[in-house]
Amino acid sequence: MVSESIQQDGSWRRLWGVSAYRLLIASAIAILVQLPVSKNFLDIGARNHPLSVVTLVAAGMSMLYLLLLLMRFPGQARWHLWSQVLVDTVLVLLLLHYGGGINGPFSILPFLLLVSVASLLRGKGAFLFVWVLLLLLVIESLQGGMASVHPLFGQLFIYILALIAVAVLADSLVRSLDRGNRLAIQRDQELFNLNVLNQEIVQQMDVGVLVLDQYNRVILSNPIARKLSGYRFWGNVPVAIDLVQARLAAMLIKNQGDDNEVLVPLGSGDPALKDQTQSLMVRKIALPGSPFRLLLLRDASVLRAMEREAQLAALGRLAANIAHEIRNPLSVIRHAANLLDESMENASSRHLFEILERETVRINAIVESVLEMARPGPAHLEPIALSSWLPKLLAQLQTDPQLADMHVLVQDISASLLIYADPAQVRQVFWNLLHNTAQYAVDEDGLVRVEISAERYGKEQIMLTLRDFGSGIRPEVMERIFEPFFTTNSRGTGLGLPMVRELIQMNGGNVLCENHPDRGAVFRIFLPCWDPHEEAA
């Protein structure tokens, strides 16, 4: 159906082109014959009046035919093709008859007729018409109607040969043009299909794709890229990259010749959104010989989550070996050190055993952390009243020597705020966060201060906020604080904050970290709330 439609459109285009030239030539001949001076350079003898009538009829029919063609009446192109060929043949024969035959000024018209017929009919139909036209010309010449003086047979023979040669050349040219047009249409269709396929592939990719032109305008994007960029006013027209995402535009300016993957922070938004994109991994790809460039966007948090899953999987495989290969020998070493310490009287030697004891305890803590991180127990959820439970928990935690000097201020918490979580796991979360604060959040006065508050967040969550007054967290560190084994402390394990996030997620919540505008770091913990009225209902 598509090929037939294309052929029909091609036939109509040929008809319009030939008809326009036909009207131009017919009008020019009609004007030329009607001029008063036409007798001086047109040797048409006494047949001036019928020739004038024929030229006017030809011009009028050409104009009428062009109007019918523009209206596509009748609707079939083949009727127009044959009617135009037949009408042109009659008119050309009449012009030759009244214009002096092949010796007259209109002897060139049969050649033009052959070219138009070859363009309209194509193939065997055009050649059949050529022989019909030649037969009519020979009959008219032998009867003497085309010229006042009979042309010699040699002149007629040469004229016929010229007509045949023009017909063959015209047909060959038309065939070549047809092949070229068919190849061009086929190539255009292939390019169109390939473009559609490429766009479909781009739309279905699991990586965000932005295609930029030489003016840094986005001309193509896929759904993931539109979501990751945060731009909401996408349309069908190119849009400047600095409008889509200003930090991407800044990255392009800063890394003009660099195709490596770059981390682009986008800033924080609504902290309750678990899937929020706060940073992107962006790779710029230049296309050689093309003004276009590609930007590949990936959510950095998703990549970190994948890395974390891989690390946890490796950690789980390692944990079983650690339990048997390290803990048992470590217990033996610690017990042997204690026995030796009892038999030693030298104070300096006893100091060495204290170091051995401390480091053995530290190694054992690392093993315990790894085991707990790799094989966390299931969460046993129950309602927890924060206003009474949290002060008791903090009092218990501050019996730890490392937390004893910490100044903890708990804001007023409404008695109606109840979280639905595992108390033991939430206790572990606070223990890890406060130990992390004790190590990294010493303020200008050498003190460690923490403010804790709780408030309702939406209908289904409660937000616990822990703020310290230290120097805050550097941006490059902020991106990785929840990665297992990442630490800036040479004596740290890098498992405290990853364990916090793992435990919070096991309880159906989420944890985010950001720097406070004034000073220090803020941890926001979102946990499900518990409503006794809804539970009763």
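Above this text sits the structure in question.
Residues numbered from 1 in each chain as written. Predicted model: local features only at pLDDT ≥ 70, side-chain atom pairs only at ≥ 80, totals over all residues. Heavy atoms only, no water.

A few words now on the nonpolar core. In this structure, Phe430, Leu433, Leu434, Leu466, Ile481, Phe523 and Ile525 are the most contacted members of the largest nonpolar core, which totals 42 residues. Contacts of leucine 433, omitting those with residues within four sequence positions, involve Leu466, Leu497, Val500, Phe523 and Ile525. (Core = buried A, V, L, I, M, F, W, Y, C linked by side-chain atoms within 4.5 Å. Buried < 20%, exposed > 50% of the residue type's maximum accessible area, 1.4 Å probe, protein only. Contact = heavy atoms within 4.5 Å.)

Another aspect to go through is helix 5 (residues 109-121). Along its 13 residues, helix 5 runs 18 Å from first to last C-alpha, staying within 8% of the 18 Å computed at 1.5 Å per residue. Of all 13 residues that make up helix 5, eleven are buried, and the element is covered over most of its length. Inspection of helix 5 places Leu109, Pro110, Phe111, Leu113, Leu114, Ser116, Val117, Ala118, Ser119, Leu120 and Leu121 among the buried residues, and these make up the whole buried set. Just downstream of helix 5, arginine 122 is the residue with a positive phi angle, here 65°. (Helix = DSSP H or I, 4+ residues; strand = E, 2+ residues; numbered from the N terminus. Expected span 1.5 Å × (residues − 1).)

A few words now on the sheet that holds strand 1 (residues 208-212). Within the open sheet, the six strands sit side by side as 3-2-1-6-5-4. Their pairing is antiparallel. The outermost strands of the open sheet, each flanked by one partner alone, are strand 3 (239-240) and strand 4 (261-265). Two strands pair when backbone bridges link them, and strand 2 (residues 217-221) and strand 3 are joined in this way by two bridges, in the antiparallel orientation. Looking at strand 3, one finds that arginine 217 is bridged to alanine 240. (Pairing = 2+ DSSP bridges.)

Turning our attention to a nonpolar patch on the surface. On the surface, Leu191, Leu194, Leu197 and Ile201 cluster together into a nonpolar patch covering about 370 Å² of accessible area. Looking at the element boundaries, leucine 191 is found in helix 7 (residues 153-204). (Patch = residues over 30% accessible without salt bridge, like charges linked within 9 Å, V, L, I, M, F, W, Y side chains within 5 Å. Areas by Shrake-Rupley, 256 points an atom, 1.4 Å probe, with all protein chains shown as cover. Salt bridge = Lys/Arg side-chain N within 4 Å of Asp/Glu carboxyl O.)

The next thing to look at is unusual backbone geometry. Of note, the phi angle at asparagine 216 is positive, near 60°, even though the residue is not glycine. Looking at where asparagine 216 falls in the secondary structure, it is placed in the loop between strand 1 and strand 2.

If you trace the backbone, glutamine 84 turns up in helix 4 (residues 77-98). For glutamine 84, the contacting residues outside a window of four places in its chain are Leu15, Val18, Ser19, Arg22, Tyr65 and Leu120.

On to helix 4. Taking 1.5 Å of rise per residue, 22 residues should cover 32 Å, and helix 4 covers 32 Å from first to last C-alpha, within 8% of that figure. Of the residues flanking the end of helix 4, it is glycine 100, one or two places downstream, whose phi is positive at about 100°.

Our next topic: the packing of helix 15 (residues 423-440) against helix 17 (residues 496-506). Between helix 15 and helix 17, the least distance of the axes is 9 Å, while the angle of their chain directions is 155°. Classed by the angle they form, the pair helix 15 and helix 17 counts as roughly antiparallel. Remark: the crossing between helix 15 and helix 17 carries left-handed chirality. Here Gln425, Gln428, Val429, Asn432, Leu433 and Asn436 of helix 15 come into contact with helix 17, specifically with Gly496, Leu497, Met499, Val500, Leu503, Ile504 and Met506. A class-by-class count of the residues in the contact of helix 15 with helix 17 yields eight nonpolar, five polar and no charged. (Axes fitted to C-alpha atoms, helices over the stretch in contact; angles between N-to-C directions. Parallel < 35°, antiparallel > 145°, perpendicular 65-115°, else oblique. Left-handed = near helix turned anticlockwise from the far one by under 90°. Nonpolar A, V, L, I, M, F, W, Y, C, P; charged D, E, K, R; others polar.)

If you walk through the whole model with that rule in mind, you get six salt bridges. Glutamate 261 is the salt-bridge partner of arginine 298, the closest N and O atoms lying 2.5 Å from each other. Of this pair, arginine 298 sits in strand 6 (residues 293-299) while glutamate 261 sits in strand 4, and the two are 37 residues apart along the sequence. For arginine 474, the salt bridge goes to glutamate 476, with nearest N and O atoms at 3.0 Å.

Inspection of every chain in the model, using the stated rule, returns three aromatic pairs. Note on tyrosine 231 and phenylalanine 233: the rings are 5.8 Å apart at their centroids and 75° apart in plane angle, and the pair reads as edge-to-face. Tyrosine 231 gets classed as buried once you look at its relative accessible area, which sits at 17%. Its relative accessible area of 65% is what places phenylalanine 233 among the exposed residues. Every member of this aromatic cluster is reached through a ring pair, and the members are Tyr231, Phe233 and Trp234. (Phe/Tyr/Trp six-rings, centres within 6.5 Å; stacked < 30°, edge-to-face > 60°.)

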